[in-house]
Amino acid sequence: MKAHRSLQRLDVLKYPPEKIALMVASEFLRASARSEYPSIVQGCFDRARELMGILDTVDLGPEVASDLQPVYHRCTEEQLLGAKHLPALVREMSLALAQAFERASERLQKPPDA
């Protein structure tokens, strides 16, 4: 993994999907907290995208996968714009993306019958 030099894909796959979703959320929260520093934001976005790529390869169930699909599209669009946004916009966008992955993690923790 380019942005996660200390992690390999197989290392991440040892975790259940809900933990990987929290890792993604963590990167977006980190970007939000450091929105004043474009290079740090870009690194957080890069790490989040790598983790999203791994998360995309595991079974999330149809409901969670469907809920995350627009988030993936939004993140791709935001990624194309780069991390040179106004800090307030980076904060807002990153928080929204983090919340989406936190919700996904919560839903993945619940049994399908719940």
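Now for a quick tour of the structure. (Residues numbered from 1 in each chain as written. Predicted model: local features only at pLDDT ≥ 70, side-chain atom pairs only at ≥ 80, totals over all residues. Heavy atoms only, no water.)

1. With respect to the environment of Pro 17
Item 1. With respect to the secondary-structure elements, Pro 17 resides in helix 2 (residues 17-33).
Item 2. For the pair Pro 17 and Gln 109, spaced 92 residues apart in the sequence, the C-alpha separation amounts to 8.8 Å.
Item 3. Excluding residues within four positions of it along the chain, Pro 17 makes contact with Leu 55, Val 58, Asp 59, Leu 60 and Leu 108. (Helix = DSSP H or I, 4+ residues; strand = E, 2+ residues; numbered from the N terminus. Contact = heavy atoms within 4.5 Å.)

2. Quick look at helix 5 (residues 87-109)
Item 1. With 23 residues, helix 5 should reach 33 Å at 1.5 Å per residue; the first-to-last C-alpha distance of 33 Å fits that figure.
Item 2. When helix 5 is considered as a whole, its buried residues turn out to be Val 90, Met 93, Ser 94, Leu 97, Ala 98, Ala 100, Phe 101, Ala 104, Ser 105 and Leu 108. (Expected span 1.5 Å × (residues − 1). Buried < 20%, exposed > 50% of the residue type's maximum accessible area, 1.4 Å probe, protein only.)

3. Looking at the environment of Val 12
Item 1. Position of Val 12 relative to the elements: it lies in helix 1 (residues 9-12).
Item 2. Considered as a pair, Val 12 and Ile 54 are 42 residues apart in the sequence and their alpha carbons are 7.8 Å apart.

4. So, the pattern of salt bridges
Item 1. If you walk through the whole model with that rule in mind, you get 6 salt bridges.
Item 2. Between Glu 27 and Arg 30 there is a salt bridge, and its shortest N-O distance comes to 2.9 Å. Residue Glu 27 and its partner Arg 30 are both found in helix 2; the two are separated by 3 residues, about one turn of the helix.
Item 3. Residue classification places Glu 27 among the buried positions, given a relative accessible area of 7%.
Item 4. Judged by its relative accessible area of 29%, Arg 30 falls in the partly exposed class.
Item 5. Between Arg 91 and Glu 36 there is a salt bridge, with the nearest N and O atoms lying 3.9 Å from each other. A residue pair is termed long-range when its members are at least 10 positions apart, and Arg 91 in helix 5 and Glu 36 in the loop between helix 2 and helix 3 (38-55) qualify at 55 residues.
Item 6. For Glu 36, a relative accessible area of 52% gives the class exposed.
Item 7. When salt bridges with common partners are traced through the structure, they connect Glu 27, Arg 30 and Arg 47 into a single cluster. (Salt bridge = Lys/Arg side-chain N within 4 Å of Asp/Glu carboxyl O.)

5. Observations concerning the side chain of Ser 94
Item 1. Assignment of secondary structure puts Ser 94 in helix 5.
Item 2. For Ser 94, a relative accessible area of 0% corresponds to the buried category.
Item 3. In contact with Ser 94, other than residues within four places in its own chain, are Phe 28, Ala 31, Ser 32 and Phe 45.

6. Side note on the nonpolar core
Item 1. By size, the foremost hydrophobic cluster in this structure holds 29 residues, and its most contacted members are Val 24, Phe 28, Phe 45, Met 52, Leu 55, Leu 68 and Phe 101.
Item 2. Contributing elements (two or more residues each) for this core: helix 2, helix 3, helix 4 (62-81) and helix 5.
Item 3. With residues near it in sequence (within four places) discarded, Leu 55 still touches Pro 17, Ile 20, Ala 21, Leu 60, Leu 68, Tyr 72 and Phe 101. (Core = buried A, V, L, I, M, F, W, Y, C linked by side-chain atoms within 4.5 Å.)

7. Concerning the packing of helix 3 against helix 5
Item 1. As a packed pair, helix 3 and helix 5 sit with axes 13 Å apart at the nearest point and diverge in direction by 25 degrees. With respect to helix 5, the axis of helix 3 lies roughly parallel. The two elements helix 3 and helix 5 cross, and the hand of that crossing is left-handed. Along the contact surface, helix 3 presents Val 41, Phe 45, Met 52 and Leu 55, while helix 5 presents Val 90, Met 93, Ser 94 and Phe 101. (Axes fitted to C-alpha atoms, helices over the stretch in contact; angles between N-to-C directions. Parallel < 35°, antiparallel > 145°, perpendicular 65-115°, else oblique. Left-handed = near helix turned anticlockwise from the far one by under 90°.)

From the geometry alone we can't say anything about function, so treat these as descriptive.
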